[in-house]
Amino acid sequence: MNDKNRQIVLKRNPRGAFSPEDFEVRETAVPSPDEGEFLVRNIYLSLDPANRLWAAPTETYVAPVRTGEVMRGFTVSEVVESRHPDFRPGDLVQGMDGWQDYAVSNGVNHNGRGVVDTWKLDGVRAAGLPLTTGLSVLGTTGLAAYYGMLHVGQPRQGDTVLVSGAAGATGCVAGQIARIKGCRVVGTAGSEEKCRLARDEYRFDAMIDYKAEDMDTALAEHAPDGIDVYFDNVGGDTLDTALAHTAMGARVVICGAISQYTTAEQGIQGPANYAHLLFKRASMAGFIVLDHYPDLRGRMEADLIQWIKQDRLHYRDEVVDGLENAPEAVNRLYDGRNLGKLMVRIADEP
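Definitions and cut-offs
- Residues numbered from 1 in each chain as written.
- Predicted model: local features only at pLDDT ≥ 70, side-chain atom pairs only at ≥ 80, totals over all residues.
- Heavy atoms only, no water.
- Patch = residues over 30% accessible without salt bridge, like charges linked within 9 Å, V, L, I, M, F, W, Y side chains within 5 Å.
- Areas by Shrake-Rupley, 256 points an atom, 1.4 Å probe, with all protein chains shown as cover.
- Salt bridge = Lys/Arg side-chain N within 4 Å of Asp/Glu carboxyl O.
- Lys, Arg positive; Asp, Glu negative; His and termini not counted.
- Charge placed at Lys NZ, Arg CZ, Asp CG, Glu CD.
- Buried < 20%, exposed > 50% of the residue type's maximum accessible area, 1.4 Å probe, protein only.
- Helix = DSSP H or I, 4+ residues; strand = E, 2+ residues; numbered from the N terminus.
- Expected span 1.5 Å × (residues − 1).
- Contact = heavy atoms within 4.5 Å.
- Phe/Tyr/Trp six-rings, centres within 6.5 Å; stacked < 30°, edge-to-face > 60°.
- Lys NZ or Arg CZ within 6 Å of the ring centre and 35° of its normal.

**Q** An account of a negative patch on the surface is requested, with residue identities and associated values reported.
**A** Side chains of Glu213, Asp214, Asp216 and Glu221 sit close together on the surface and give a patch of like negative charge. Taking the relative accessible area as the measure of exposure, Glu221 reaches 56% and is therefore exposed.

**Q** Please set out helix H4 (residues 169-180) residue by residue, giving values where relevant.
**A** Residues three or four positions apart in an α-helix share a direction because the helix packs 3.6 residues into each turn. Across its 12 residues, H4 extends 17 Å between first and last C-alpha, which sits within 8% of the 16 Å expected from 1.5 Å per residue. Within H4, 11 of the 12 residues are buried, leaving the element largely enclosed by the surrounding structure. Residues of H4 that are buried include every one of Ala169, Thr170, Gly171, Cys172, Val173, Ala174, Gly175, Gln176, Ile177, Ala178 and Ile180, and no others. On its buried face, H4 is in contact with helix H3 (140-153), strand E8 (160-163), strand E9 (184-189), strand E11 (227-232), helix H9 (293-309) and strand E15 (341-345). Directly after H4, the chain includes Gly182, whose backbone phi takes a positive value near 85°.

**Q** If you had to explain the environment of Val320 to someone new, which residues and values would you point to?
**A** Tracing the backbone through its elements, the reader meets Val320 in strand E14 (residues 317-321). With a relative accessible area of 10%, Val320 lands in the buried category. Sequence separation between Val320 and Ile346 is 26 residues, and the spatial gap between their C-alpha atoms is 8.9 Å. Every residue in contact with Val320, bar those within four places of it in the chain, is listed here: Asn325, Ala329, Arg332, Leu342, Met343, Val344 and Arg345.

**Q** How would you sum up unusual backbone geometry? Please name residues and give values.
**A** Its identity as a non-glycine residue notwithstanding, Gln154 has a phi of 50°, on the positive side. Topologically, Gln154 is positioned in the loop between H3 and E8. Taking relative accessible area as the criterion, Gln154 reaches 46% and is therefore assigned partly exposed. Within the chain, Arg281 stands out as a residue other than glycine whose phi angle is a positive 50°. Mapped onto the secondary structure, Arg281 falls in the loop between helix H8 (275-279) and strand E13 (283-286).

**Q** Run through the packing of aromatic side chains, naming residues and quoting values.
**A** Enumeration according to the criterion identifies 7 aromatic pairs in this entry. Look at Tyr147 and Phe287: their rings are 5.7 Å apart centre to centre, the planes differ by 45°, and that puts the pair in the tilted class. Of the two residues, Tyr147 is situated in helix H3 and Phe287 in the loop between E13 and H9; the sequence distance between them amounts to 140 residues. Just as Tyr147 is buried, Phe287 falls in that class too. Taken together, Phe18, Phe23, Trp99 and Tyr334 form an aromatic cluster joined through their ring pairs. The ring of Trp54 is capped by Arg72, whose NZ or CZ atom sits 5.5 Å from the centre of that ring. Seen from the ring of Phe87, Lys120 lies directly overhead, with NZ or CZ sitting 5.4 Å from the centre.

What follows is the structure, given as structure tokens:
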């Protein structure tokens, strides 16, 4: 074990996309756990669209990361020292231990905000799946797709389901779950490469390249009877256009609004077509999957593993090497360069 802990801290609140000047690298001593705590060595770090929200000075569903604090992030880690009765050295866990080499946790969240419980990755290990899946298809991204689609969207066999950001880590899982439930699934993405990936690998029935096609015309073609479930990861114009194509009794699921995150300080664009929720007796609801971890995580994980084993659910993990590369790599989420779940390898797996 190293005697130094590298930490990437937020130096200033970003404007637009992240800049290297928004962060600084700090070295501290590796912390020691007190009674009821344990020390983890971070192996993989998740890079998520929410990183940009967390770095803004305004409160969202959690308190903002303050300047001078370690940047928040989900991690897959190894317990290396423990004074906690439920965690032992050698345990592999998923938690929120930030952009750093080591962290001390009490099993809830090391910074005391109670954002997410630390979760043992016993299911991942027992299934023989890569450790990276603890941040992707079996992490918050996959679990958000599962909860949002099944519990909020409530798809029924024969429904037409639209998923924006369909080639992304959450969108691809949401669309595949809808297909498993017998729905016809249409997706949107920002390139022909991503559309081809969603059609060929994730088995979407149809894809719309929103950069090359007119969304209104394409939705009229691919959803002529309207959209029964819209799973939105994008917000902005895509959400607005989708609302105009909702079917009677449609369910609109707000999982994210990535198109708005880098300009959130100037205000998030709201939908002009919201009246279609009234006309179509439709509903629109947002959710935060972390609210449902304690009660549903075990069931969600078991279902997702079963579908992976049955070859009904595919995923991609994109790994960047080196903690020092996180400040640059995170922008791949906002400019569309990533394919699949984006994460950073901080250290070698045990």
